[in-house]
Each structure stands twice: as structure tokens, then as C-alpha cells.
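# Coordinates in review
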Amino acid sequence: MNINMTLIGQSITFAIFVWFCMKFVWPPIVSALEVRRKQIADGLAAADRGKHELELAAKRASETLHDAKLKASDIIAQAEKRAMQIVEEAKGTAKEEGDRLITSAKAEIEQESHRAREALRGEVAALVVAGAGKVLRREVNAQAHADLLEAIKNEL
Amino acid sequence: MSAEAHTSTEYIKHHLQNLTYGQHPDGTWGLAHSVQEAKDMGFMAINLDTMGFSIGLGVLFLFFFHKVAKSAAVGVPNGLQNFVEWIVEFIDSSVKGSFTARNPMVAPLALTIFIWVFLMNLMDLLPIDWIPGLASALGLPYMKVVATTDPNATFGMSLTVFALVIYYSIKMKGAGGFLGELTLQPFGKWGMPANLLLEGVNLIAKPVSLALRLFGNMYAGEMIFILIAIMFSGGAVLALTGGVLQWAWAVFHILIITLQAFIFMTLTIVYLDMAHQEHH
């Protein structure tokens, strides 16, 4: 337990160890730790950012969905309105067409009956003339009494 | 050396003597074979066991830490790297907690002190006769395993720290500032002799207490192991008691060796912090 040269030897040894540690041991370890710390911090920040973006996207998606729903119901309402309109128009057109058909049918019937009456009148006139001719045979001259016969025919 | 061959006193003395190499009074160089011979060698002698164990452990420490430092990966660390990083972060937070100035030397210094002192102290937990027994089988007269029970080792460190304290005091405050700190407080310039006495004692007490605290704790712990080891030669009951006691003391000693390494480191940081700061 004497104090001797060991004291100086230990001091030098200690100094060399500290120097070595300061030069080759401490800086690389600390810088590796620092870099890793930064990486982890960056990773966490990125994760946070990702989460935030996800939230935003979800919000955007629900907004878009809402818009789409609104638009779809708009379109449906419009389409229903349009369909109603078309049906109304079709009803109108059909009624007009029907009226028109009825009118023309009536006109035709009128014409037909007129024509039939004309024909009947002609036949009756001829019949009357023939009858009257048979009765009058000689007294009545068809040519001389044509205007009289015509007047009768018109009265029928 | 087993206790049967010696009296208890011889056994204790034997365990407290370093393996000293130096010049005998007759002019020849060689190992000291007795306590008196070692004493006669004076200052020009060297304790081979202290030097050997301390350098060996220091190299071991630097080897492992340097291995990690060389391959320090930023990605997922492996087992050894985890362990080393854990220690480095612990030291780093200790330094950041008590050292306010900026000096890239303090943290590596603290790391070296902590691990080196811890490893030297750790040798205390080896059963006390293993390595000395092996050494005596190899023909070496003495072998002291725990370097920190040699005041040369503890003073070697504390004086180096002291030199750093003086160096940084002068570097930070200038020679005038440092001298002023020693002589102009606490009583002002008219109380200069008293100031110098007080501050001088204060200054000198730092390395002395630093070295003696570590030395005293480890020496006392070692002494208790030696006393317990003497019980092994006192019959079955005593040997059994000794075994239990040795185990209990070793468990308790784990706390002491770590604590002493931590205290040495923390006080070194604090002293260097004080050296970096203006007092008023």
C-alpha cells in the first residue's frame, strides 16, 4: 500500500483511456443514437400526418357521398316531373286525336247519309217519273215537262 | 493461499500487499517478496497487479464499446449495442443533468470513469483466493485483484481529474480569475490569507476526498471479504456461516461497487462544472 510510480502509471493509463473513449467510442454511439432518435421522431410525425390525411379523406368522401345523394334525389325528382309532364302531354294529344277522329267520322257519316239521300231521291224521282209516265203515257211528254219533273224531284 | 499455512495476521497482510516491482536497496531490480521489501523500494517501484488489472479491464471496456461504436447501426440495435446504448444514454443524461457548460470531453470522461471503476470494483466479487491462489501457484509472491483498493489507482484518477479542474478553471476564468476565486472570497480582499486557507482546503479536498472515498469503501469491503475468508479455516460451522456471510456481503457489495463508481463519476462532473462556472 505504498504510493509509488503506479500513481503516475495509473494517471497516464486513465488519460489514455479517456482520450480513446472521447475519440473513438463516444461520438459514433451518440451520433447513432441521435440519428435514430430523429428517424423515430420523423416516423411518428409521418404517421400522424397520415392519420390526419386519412381523416380528411374520410371527411371528403362522406361529403362527396352526401352531394351525390342530393344530386341523385334531384335527378329522380326531375325525372318524375318530366314523366308526369310527358304523360299529361300524351293525354292531351290523345284526346285531340280522338276528337279529330270523331269529327272526321261524323263528317264522313254526314256525307254518306247525304249521298245516300241524293241517290235515293234520284231513284224515287225516276220511279215517280216512270210511274207517272205509265199513268200519263201519252199526255206527258218527258221532254216538255222536264222542268216540272225536276221541281218535283227537288221536293222529295 | 489457503489460511492453514498462515496465521490470520499473515493472511490479512498477504492479501493487502501489492505485487511490487522495483529496485532493492542493494541495487538489483526485482519483485518485492515481503511487505518490508516493498516499502524499502520507495517511490521508484510499480505495482504490477494494479497496473495489470486496471489496464486489462480498461482495454476490455474500450474493446467492447469500440466494437459497438464501429458498427453502431441506426436501425434496430442488437443485444450488445442495446446494452452499450443504455449505458451511454444513462451517462449522457447524468452529464446533461449536472454539467451546464459545453465541453465534449466531459461525457466520455464520465463514461470512462463509470465503467472502468465499476469493472475494477467488480473484481471484488470474485472469491478472494482464486486469482491470488493461481498467482502463488505460478510463483508470484503477492497478487491484489481489486485495483481500486490500491490508493495509487484512485489517486491516479482523482489527480488527473484535479489537473483537469485546474486546467479548465484557468482556461475559463483566466489565471487572474482563478487566483481571485482562491483569494478574494468569502471575506473580500482584506481577508486574503483566511480566504486562501479556506479556498485552498476546499480545492485540495476535492481530489483527496474523491480518491479516499473510493479507496476507503473498496478497501473496507475487501477487508470484510478477507475476514470472512478466514472463517473458512475454522471448522464446519464457521465455514458454513462464512459461506452465507460471503454471499450476503457480495450481494450487498454489488450495490456498493456500482454506487461508488457512480459517485466518482458524478463528483467528477460536478467538479468540472464548477471549474467552468464563474462564481459571482
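Above this note sits the structure.
Quick look at the structure, then. (Residues numbered from 1 in each chain as written. Chains lettered and ligands numbered in written order. Predicted model: local features only at pLDDT ≥ 70, side-chain atom pairs only at ≥ 80, totals over all residues. Heavy atoms only, no water.)

## What about the overall build of chain B?
Across its full length, chain B carries nine helices and three strands. Listing every helix and strand of chain B by position from the N terminus yields α-β-β-α-β-α-α-α-α-α-α-α. With the C-alpha coordinates of chain B rotated into their principal frame, the extents come out at 65 × 55 × 40 Å. The burial tally for chain B puts 48% of its 280 residues in the buried class. (Helix = DSSP H or I, 4+ residues; strand = E, 2+ residues; numbered from the N terminus. Buried < 20%, exposed > 50% of the residue type's maximum accessible area, 1.4 Å probe, protein only.)

## A look at the overall build of chain A
Looking only at helices and strands, one finds two helices and zero strands in chain A. For chain A, the C-alpha radius of gyration of 61 Å lies well beyond 15 Å, the compact-globule estimate for 156 residues. In terms of overall dimensions, chain A has a C-alpha envelope of 195 × 20 × 20 Å along the principal axes. Considering chain A as a whole, with its 156 residues, one finds that 12% of them fall into the buried category. Accessible surface, chain A: about 12,300 Å² in total, of which carbon and sulfur atoms supply 63%. The positive charge centre, built from 23 side chains, and the negative charge centre, built from 23, are 10 Å apart in chain A. (Rg over C-alpha atoms; globule rule 2.2 N^0.38 Å. Areas by Shrake-Rupley, 256 points an atom, 1.4 Å probe, with all protein chains shown as cover. Lys, Arg positive; Asp, Glu negative; His and termini not counted. Charge placed at Lys NZ, Arg CZ, Asp CG, Glu CD.)

## Section: the pattern of salt bridges
Side-chain pairs of opposite charge can arise whenever the charged atoms involved come near each other. All names here are of chain A. Applying the stated criterion across every chain yields a total of eight salt bridges over all chains. Here Glu34 makes a salt bridge to Arg37, at a shortest N to O gap of 3.1 Å. Note that Glu34 and Arg37 are positioned in helix α1 (residues 6–136) at a spacing of three residues, about one turn of the helix. Here Glu118 makes a salt bridge to Arg121, at a shortest N to O gap of 3.1 Å. Of this pair, Glu118 and Arg121 both sit in helix α1, three residues apart, roughly one helical turn. What makes Glu118 partly exposed here is its relative accessible area of 36%. A relative accessible area of 24% means that Arg121 is categorised as partly exposed. (Salt bridge = Lys/Arg side-chain N within 4 Å of Asp/Glu carboxyl O.)

## A look at the interface of chain B and chain A
In this complex, chain B contributes 58 residues to the contact, which on the side of chain A involves 29 residues. Around 3,600 Å² of area is buried between chain B and chain A when both sides are counted, 74% of it from carbon and sulfur atoms. Looking only at chain B, the three residues that lose the most surface to chain A are Phe43, Val74 and Asn152 of chain B, adding up to 18% of its buried area. The interface formed by chain B and chain A holds one salt bridge in total. Here Arg36 of chain A makes a salt bridge to Glu85 of chain B, at a shortest N to O gap of 2.8 Å. Run the count over chain B and chain A and you get eight residue pairs in polar contact (both at pLDDT 80 or more). Counting residues per element, the ones that place at least two in the side of chain B that touches chain A are α2 (35–40), β3 (45–47), α3 (48–70), α4 (79–98), α5 (106–122), α7 (151–183) and α8 (192–231) of chain B. Counting residues per element, the side of chain B that touches chain A draws most heavily on α3 of chain B, which supplies 12 residues. (Contact = heavy atoms within 4.5 Å. Buried area = accessible area lost by both parts, 1.4 Å probe. Polar contact = N/O pair within 3.5 Å; in protein donor to acceptor, adjacent residues only side chain to side chain.)

## A few points about the packing of α1 of chain A against α4 of chain B
Viewed as axis vectors pointing N to C, α1 of chain A and α4 of chain B meet at an angle of 95°, and their least axial separation amounts to 10 Å. On the basis of their axis angle, the class for α1 of chain A and α4 of chain B is roughly perpendicular. When α1 of chain A is examined against α4 of chain B, the residues Trp26, Ile29, Val30, Leu33 and Arg36 of chain A are found in contact with a partner set consisting of Gln81, Val84, Glu85, Val88, Glu89, Ile91 and Asp92 of chain B. Grouping the amino acids of the contact of α1 of chain A with α4 of chain B by side-chain chemistry returns seven nonpolar, one polar and four charged. (Axes fitted to C-alpha atoms, helices over the stretch in contact; angles between N-to-C directions. Parallel < 35°, antiparallel > 145°, perpendicular 65-115°, else oblique. Nonpolar A, V, L, I, M, F, W, Y, C, P; charged D, E, K, R; others polar.)

## Quick word on the packing of aromatic side chains
Residue and element names in this part refer to chain B. Counted under the stated rule, the structure contains 15 aromatic pairs over all chains. An angle of 70° between the planes, with centres 5.0 Å apart, marks the rings of Tyr167 and Tyr168 as edge-to-face. Through a chain of ring-to-ring contacts, three or more aromatic side chains come together here, namely Phe90, Phe114, Phe118 and Phe262. (Phe/Tyr/Trp six-rings, centres within 6.5 Å; stacked < 30°, edge-to-face > 60°.)

## Details of the packing of α5 of chain B against α7 of chain B
Residue and element names in this part refer to chain B. At a minimum axis distance of 13 Å, the contact between α5 and α7 shows a crossing angle of 170°. Between α5 and α7, the crossing angle belongs to the class labelled roughly antiparallel. Note on element contacts: α7 touches α5 through Met157, Val161 and Leu164, opposite Leu109, Ile113, Trp116, Val117 and Met120. Taken together, the residues of the contact of α5 with α7 sort by class into eight nonpolar, no polar and no charged.

## Thoughts on the nonpolar core
Among the nonpolar cores identified, the biggest contains 58 residues, and Phe65, Ile91, Leu111 and Leu272 of chain B are the most heavily contacted of them. Elements that contribute at least two residues to this core include exactly α1 of chain A together with α3, α4, α5, α7, α8 and α9 (236–276) of chain B. For this core, the element with the highest residue contribution is α5 of chain B, accounting for 12 residues. Setting aside residues up to four positions removed in sequence, Ile91 of chain B forms contacts with Trp26 of chain A together with Ala107, Ala110, Leu111, Phe114 and Met265 of chain B. Counting 12 residues, the second-largest nonpolar core is a separate cluster that includes Leu16, Ile226, Ile228 and Ile230 of chain B. (Core = buried A, V, L, I, M, F, W, Y, C linked by side-chain atoms within 4.5 Å.)

## Some points on the side chain of Lys144 of chain B
Tracing the backbone shows Lys144 of chain B in the loop between α6 (130–137) and α7. At a separation of 3.1 Å, a polar atom in the side chain of Lys144 of chain B contacts the main-chain carbonyl oxygen of Thr149 of chain B.

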